[in-house]
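Each chain is listed here by its residues.
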Number of protein chains: 2
Amino acid sequence: MQNHLSFIPLGGIGDVTKNMYLYEYNNQILIVDCGLGFADETMLGVDLLLPDISYLLKSQKQIVGMALTHGHEDHIGALPFLLESLLPAGRQVPSFPIVGTPFTAALANEKLKEFRVNRKVETVRFDKPDIQFGAFNLTFVRVTHSVPDSSNIFIRTPMGNFYHASDFKFDNTPFDGKTTDIAKIESLGKVGVICLMSDCLGVEKHGFSKSEITILENFEKELQNCKGKFIVTTYSSNISRLNQVIKASERVGRKVCFIGRSLTKTREVAEKLGYMKLKQGMEVELNQVKNYKDSDLTLLVAGSQGQEESAMARIANGEHREIKLRKDDVIIFSADPIPGNEVSIYSMIDSIAKSGARVLYSAVSRDFHVSGHAFRSDLKKMADLIKPKWITPIGGNFRHMALYGVMAQDLGYNKKDVFLIENGQEIVFTKDSARPGKVISLKKVYVDDISGEELESFVLRDRQKLSNSGIVIILAEIDSENGSLVNKPDIIIRGFTEYNISRLRIKLFEELKKVFGSKKGKVTNWIYVRKQVGETAERLIFKTAKRRPLVLPVVIEV
Amino acid sequence: MQNHLSFIPLGGIGDVTKNMYLYEYNNQILIVDCGLGFADETMLGVDLLLPDISYLLKSQKQIVGMALTHGHEDHIGALPFLLESLLPAGRQVPSFPIVGTPFTAALANEKLKEFRVNRKVETVRFDKPDIQFGAFNLTFVRVTHSVPDSSNIFIRTPMGNFYHASDFKFDNTPFDGKTTDIAKIESLGKVGVICLMSDCLGVEKHGFSKSEITILENFEKELQNCKGKFIVTTYSSNISRLNQVIKASERVGRKVCFIGRSLTKTREVAEKLGYMKLKQGMEVELNQVKNYKDSDLTLLVAGSQGQEESAMARIANGEHREIKLRKDDVIIFSADPIPGNEVSIYSMIDSIAKSGARVLYSAVSRDFHVSGHAFRSDLKKMADLIKPKWITPIGGNFRHMALYGVMAQDLGYNKKDVFLIENGQEIVFTKDSARPGKVISLKKVYVDDISGEELESFVLRDRQKLSNSGIVIILAEIDSENGSLVNKPDIIIRGFTEYNISRLRIKLFEELKKVFGSKKGKVTNWIYVRKQVGETAERLIFKTAKRRPLVLPVVIEV
């Protein structure tokens, strides 16, 4: 019998998203988190990434349980894909237990239900006894972050204790009053921790992360001066942020309308758990908005990252059926751009500015967003409370991990006490040593999400298979003056049967003619047009041929 | 005879770059600036944009002169393309005079020489008499910005006076001691100005733009603590910034090496004009670097925006022949990311962080860069000195222009006094009125710059012709473990003759095998690989077929 504990990240190191970590002891494996990754624009035709779990599938070891730290997509989003879809035919994941705090479990179960995956995440409560998964004993610790019920996990093993500090910050005045449980962290630190796995994404920023409460009065002030619609876009899961906007709206006598599928969904979950309460008559349905004066309305809208199919994008581009921007409206981006999304977001903001409405975003005002992540002082405080022998920064890009390493030296750690590793790199812990172990080779695993924000259907695909799935290139000439299709688009199809190619070509032309046939007015957002061509094609091809080739839309401005 | 003056922007409004403005009086046209635009990632296969000058080519009016405000690419970069290349066969631009301040003219003439365009930009000096171009009288006013000899232009016309305030800020302590000529601006304001055309890019930021001098001591402090190579990357034309690094290096006894073609070129121009002086023996040639200790060296490197073929990219990716990063090195990004470049820049920074070197960039430290643009207080001060009747914000995205409009209301202007226009929108000025006039329909004009930073050759191309120039798609499978090509790449070619297609396919395969044949080590930067595939193909196709089709590289990770 080996006498050590292995920590292996399958995702979440060096790339922020698709968080998934393994703790192995003898033949037992504990999994922490199971998140999605987000593709950048260099990955053409691909929207989402998954952690590569081939190591788990090949391993003879037993998965004794999975623990979810919080309800963000990059921590729970891969669940429906990995629990069933990725399995080779005939194999089944042994039915290990999966646990998460109330909001985490509720969001994860919604997702599993939506994808018709017959598994259930069990709810753990912060005030209930520990969870025992084989040789692992788990204590959930409440922390503040940008989604309710976020947790860190204290993991007792026969080799010693670990503290898994995924996304957190020390907010002493969170909007829901539920602070990070500092007393518990301190007492767990005193029990003794071998290694702290710590969030590091905010390490570039000095001081403590600002409190959520600081923005409530800023919303109120803006609301008091707003003569038109008050529109706020933020992450759907940031319930405290939504609650602050709702509270401020209530104070000035405005009604609230939720717009966007992801928002209405998380809102339902939050309401069911009692995390969001709207007074009787406070809410307006989207199709009732037209019956109210603009100055009576606050709209909570999904799409703060510039997602091209989101409600916010449609509103910004003047293509939303119910909501039209007017010059007295105020639009607030209550979120920072994630690196890589700037072009889409700024293009959206420019479109809004053209309507004459007032638009506020982080480059103009820092008043409407605070980060959910620990800044440098929070990170130091955590390390100081836990007092671990070793530290592994997680959940950051390499530049953040490296900077955490430098910061740890200020705290008295030696360089070799801080492990700067890549995904797939094992760290081997014994009672009195820690060293890098084997390296598991990980592949990029992609999943296509054809309908943007609306995860209605999906198909899994390994990048290796891309060339086999075929490729469709569409050269569409669009009239810049009226947004309509000029000439027959040039369509190149590879990897389909001759029969399918000619059928697809005809259908694609018909569909594009339908979507881009009517004149809509001057094109202001070419990014949006290009994505629209791509998505029209993807949907049609899936409907017609039940396949998902790589679709490359090329839009030619005429 | 019409009795009005027309202002028509051909570029620079709503999209920041490709600045080009027309002032028309009767049958005379004055052109201000002639800049390049930079394509974002939504414009596949295209690197640069040009202002559309078809209006000028069709017009029967006479171009009486062109004035350049400063030496940045987005103000002078289109000169070699537009002065000759864009002309239909058999036509010639009438030989109107072109003027600019000493550094502006020197940079522009370098560029014209490089492209073998037989035209000359004449030098104007701030202390010399005004320039008369037909009915236009031009007074150049010195302003501070991030390139030497930046100017604003006071334009006297029979219809009244205009103040063209392209990129500027009020830096009271610039490194070269040459401050914005406030006294002159004030006296020109007193002469009376109908309309102020004002930079607005920095309007999101409150207060005054910080002085260049504030970063000198920060460089010195960093240098004193640096035990390895001291590497700074910034814009090649930011001579004051380079001078500050040189001065700080001199103080601590380090020698300086310039790396990157654009840098060595601007450096030559600056030296010739006496704007950059290196003490005897202070400079080290790149091929001599190996003879010095790391701690004796400061490297000034081109590529601060993550350009994939730049010297900085090659150093970051461990692919530079002479320069290898070591853990004691310090690398400073002395520039902010331009929106859209974040993914490339951060990927570069992550690569550097993996080397163990210390890397400083704006998210970590604001100590090593200041903006060259006016912030809100600078903008207000300019408007206050000029006291124009009307204002047209220029050189910003629409969100900046809209915000400038709101700010102008604080200064007592009515909404209708500030023109928020788009490129191609004429404003018609008479002695006592100003109103929007005709709209010139402008097309996007693209230019391909196949060799990234190194503008060796080029070809002009209108987007409309894209489908006629052909398209080449390359699906290359690259081994993530060693960076080499796996299998024969799948190559799709459209729009070439059958003969050319088969020839190209063979040659492309051979070329890609050559470039990606040898094993190089684990791939860390997929963006770079994809661009490399694209550029390898573009070069080969141009060499073989003398054509520039749209090349879409698709890299499949294996």
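Cut-offs used in this document
Residues numbered from 1 in each chain as written. Chains lettered and ligands numbered in written order. Predicted model: local features only at pLDDT ≥ 70, side-chain atom pairs only at ≥ 80, totals over all residues. Heavy atoms only, no water. Helix = DSSP H or I, 4+ residues; strand = E, 2+ residues; numbered from the N terminus. Rg over C-alpha atoms; globule rule 2.2 N^0.38 Å. Buried < 20%, exposed > 50% of the residue type's maximum accessible area, 1.4 Å probe, protein only. Contact = heavy atoms within 4.5 Å. Areas by Shrake-Rupley, 256 points an atom, 1.4 Å probe, with all protein chains shown as cover. Lys, Arg positive; Asp, Glu negative; His and termini not counted. Charge placed at Lys NZ, Arg CZ, Asp CG, Glu CD. Domains from an automatic or database assignment. Buried area = accessible area lost by both parts, 1.4 Å probe. Polar contact = N/O pair within 3.5 Å; in protein donor to acceptor, adjacent residues only side chain to side chain. Phe/Tyr/Trp six-rings, centres within 6.5 Å; stacked < 30°, edge-to-face > 60°. Disulfide = S-S within 2.5 Å. Arc of directions from axis to C-beta. Salt bridge = Lys/Arg side-chain N within 4 Å of Asp/Glu carboxyl O. Pairing = 2+ DSSP bridges. Axes fitted to C-alpha atoms, helices over the stretch in contact; angles between N-to-C directions. Parallel < 35°, antiparallel > 145°, perpendicular 65-115°, else oblique. Patch = residues over 30% accessible without salt bridge, like charges linked within 9 Å, V, L, I, M, F, W, Y side chains within 5 Å. pLDDT = per-residue confidence, 0-100.

1. Structural notes on the overall build of chain A
A tally of helices and strands in chain A yields 15 helices and 26 strands. A compact globule built from 558 residues would reach a C-alpha radius of gyration of about 24 Å, and chain A, at 25 Å, matches this within 12%. Principal-axis analysis of the C-alpha atoms places the extent of chain A at approximately 70 × 60 × 40 Å. When each of the 558 residues of chain A is scored for burial, the buried share is 63%. For chain A, the share of sequence-separated contacts (at least 6 apart) that also reach a separation of at least 24 residues comes to 73%. About 21,400 Å² of surface is accessible on chain A, with carbon and sulfur atoms providing 49% of the total. Positive and negative side-chain charges of chain A, numbering 76 and 67 respectively, have mean locations separated by a distance of 2 Å.

2. Considerations on the environment of L504 of chain A
Note on placement: L504 of chain A falls in helix α14 (residues 498-517). In the structure, L504 of chain A is positioned 272 residues away from V232 of chain A in sequence and 41 Å away in space, judged by C-alpha atoms.

3. Considerations on the domain arrangement of chain A
Many authors give the size of an interface as the accessible area that is lost as the parts come together. Residue and element names in this part refer to chain A. Each assigned domain of chain A is listed here: domain 1 (5-207 + 371-447), domain 2 (213-360) and domain 3 (470-557). Residue-level contacts link 9 residues of domain 2 with 7 residues of domain 3. Of the roughly 830 Å² buried at the junction of domain 2 and domain 3 (both faces included), carbon and sulfur atoms supply 43%. Here domain 2 is connected to domain 3 by 0 residue pairs in polar contact (both at pLDDT 80 or more). The element contributing the most residues to the side of domain 2 that touches domain 3 is helix α10 (residues 342-354), with 4 residues.

4. Notes on the side chain of R119 of chain A
Residue and element names in this part refer to chain A. Structurally, R119 is set in the loop between α4 (102-114) and β8 (122-123). By relative accessible area, which is 17% here, R119 ends up buried. Of the polar contacts made by the side chain of R119, one reaches the backbone oxygen of F96; its length is 3.1 Å.

5. Some details on the packing of aromatic side chains
All names here are of chain B. Taken as a whole and judged by the stated rule, the model has 21 aromatic pairs over all chains. Ring geometry for F168 and F170: centres 5.7 Å apart, planes at 80 degrees, overall edge-to-face. Note on accessibility: F168 and F170 belong to one class, buried. Between W390 and F429, the aromatic rings sit 6.2 Å apart at their centres with planes inclined by 55 degrees, giving tilted as the arrangement. In this pair, W390 is assigned in strand β19 (residues 390-394) and F429 in strand β20 (residues 425-429), connecting sequence segments 39 residues apart. Per residue, the accessibility class of W390 equals that of F429, and both read buried.

6. A word on the state of the cysteines
Summed over all chains, the structure comprises 0 disulfides over all chains. We note that C257 of chain A lacks a disulfide partner, and the nearest cysteine sulfur, in C226 of chain A, lies 15 Å from it. According to the relative accessible area criterion, C257 of chain A is buried, its value standing at 0%. The thiol sulfur of C200 of chain B is not disulfide-bonded, and the nearest other cysteine sulfur, from C195 of chain B, lies at 13 Å. Classification of C200 of chain B as buried rests on a relative accessible area of 0%.

7. Topic: helix α5 (residues 182-191) of chain B
All names here are of chain B. Turning to α5, its buried residues number three or more, namely K184, I185, L188 and G189. Seen along its axis, α5 keeps its buried residues to an arc of 140 degrees; they face one direction. Facing away from the buried side of α5, by more than 90 degrees, are the exposed residues A183 and K190. Tucked into the core, α5 has its buried residues touching β10 (136-142), β11 (151-157), β12 (160-165) and α11 (376-386). Positive backbone phi, at 110 degrees, marks G192, one or two positions downstream of α5.

8. Notes on the pattern of salt bridges
For the structure on display, the rule yields 50 salt bridges over all chains. Among the salt bridges present, the one from R251 of chain A reaches E220 of chain A, with a minimum N-O distance of 2.2 Å. Linking R251 of chain A in helix α7 (residues 239-251) with E220 of chain A in helix α6 (residues 216-225), this pair joins segments that are 31 residues apart in sequence. Between D329 of chain B and K229 of chain B there is a salt bridge; the shortest N-O distance is 2.9 Å. Placement of D329 of chain B in the loop between α9 (311-316) and β17 (330-333) and of K229 of chain B in the loop between α6 (216-225) and β14 (230-233) is noted, with a sequence separation of 100 residues between them. Of the two residues, D329 of chain B and K229 of chain B, neither departs from the other in class, the shared state being buried. Three or more residues joined by partner-sharing salt bridges are found here, namely K229, D294, R326 and D329 of chain A.

9. Describing the pairing of strand β3 (residues 28-32) of chain A
All names here are of chain A. For β3, a buried count of 5 out of 5 residues is recorded, marking the element as mostly surrounded by other parts of the structure. Of the two faces of β3, the one holding Q28, L30 and V32 and the one holding I29 and I31 are both buried throughout. Counted along the chain from strand β2 (residues 20-25) to the antiparallel partner β3, the turn is 2 residues long, and its residue N26 has a positive phi close to 45 degrees. As defined by bridge partners, β3 adjoins strand β6 (residues 62-68) across 5 bridges and the pair is classed as parallel. Directly across from V32, in β6, lies its bridge partner A67.

10. A look at the sheet that holds strand β1 (residues 5-11) of chain A
Residue and element names in this part refer to chain A. The 8 strands are arranged β8-β7-β6-β3-β2-β1-β20-β21 in an open sheet whose pairing can be described as mixed. Here the strands that pair on one side only, and so sit at the sheet edges, are β8 and β21 (434-439). Across 2 bridges, strand β7 (residues 98-100) lies against β8 in parallel orientation. Looking across to β8, one finds that V99 is bridged to E122.

11. Observations regarding the side chain of T17 of chain A
Along the chain, T17 of chain A turns up in the loop between β1 and β2. Apart from residues no more than four positions distant in its own chain, T17 of chain A is found in contact with G11, G12, L36, G37, F38 and D74 of chain A.

12. Structural notes on the packing of α5 of chain B against α11 of chain B
All names here are of chain B. Close contact between α5 and α11 brings their axes to 7 Å; oriented N to C, the two are set at 45 degrees. Classified by the angle between their axes, α5 and α11 sit oblique to one another. Of the residues in α11, those touching α5 at I182, I185, E186 and G189 are K381, M382, L385 and I386.

13. Here's the deal with the sheet that holds strand β14 (residues 230-233) of chain A
Residue and element names in this part refer to chain A. Reading across from one edge, β15-β16-β14-β17-β18 is the order of the 5 strands in this open sheet, with parallel pairing throughout. Unpaired on one side and paired on the other, β15 (255-259) and β18 (358-360) mark the two borders of the sheet. Across the sheet, the mean angle from the axis of one strand to that of its neighbour is 15 degrees, orientation sign disregarded. Bridge count for β14 against strand β17 (residues 330-333) is 4 bridges, and the pairing is parallel. Looking at the pairing, T233 lines up with F333 of β17.

14. Points about a positive patch on the surface
Judged by side-chain charge, K488, R494, R505 and K513 of chain A together with K488, R494, R505 and K513 of chain B come together as a positively charged surface patch. At the level of secondary structure, the elements contributing two or more residues to the positive patch comprise β25 (485-494) and α14 of chain A together with β25 (485-494) and α14 (498-517) of chain B. By the secondary structure assignment, K513 of chain B is in helix α14. Residue classification places K513 of chain B among the partly exposed positions, given a relative accessible area of 44%.

15. Focus on the environment of M348 of chain B
Mapped onto the fold, M348 of chain B is located in helix α10 (residues 342-354). Separated by 42 residues in sequence, M348 of chain B and G306 of chain B place their C-alpha atoms 6.5 Å apart.

16. Some remarks on unusual backbone geometry
For D149 of chain A, which is not glycine, the phi torsion reads 60 degrees and is therefore positive. Mapped onto the fold, D149 of chain A is located in the loop between β10 (136-142) and β11 (151-157). Residue classification places D149 of chain A among the buried positions, given a relative accessible area of 3%. Positive phi outside glycine occurs at N487 of chain B, with the angle close to 60 degrees. Tracing the backbone through its elements, the reader meets N487 of chain B in strand β25.

17. Observations concerning the confidence of the model for chain A
Residues and elements named next belong to chain A. Of all residues in chain A, 91% have pLDDT values of 70 or greater, and the mean over the chain is 88. This stretch, residues 41-46, has a pLDDT under 50; its non-local contacts, to residues over four places away or in other chains, come to 25 contacts. Within the model, pLDDT remains below 50 along residues 449-467, and this stretch shows 67 contacts once partners closer than five positions in the same chain are excluded. Taken together, the chains of this predicted complex give a pTM of 0.82 and an interface ipTM of 0.80.

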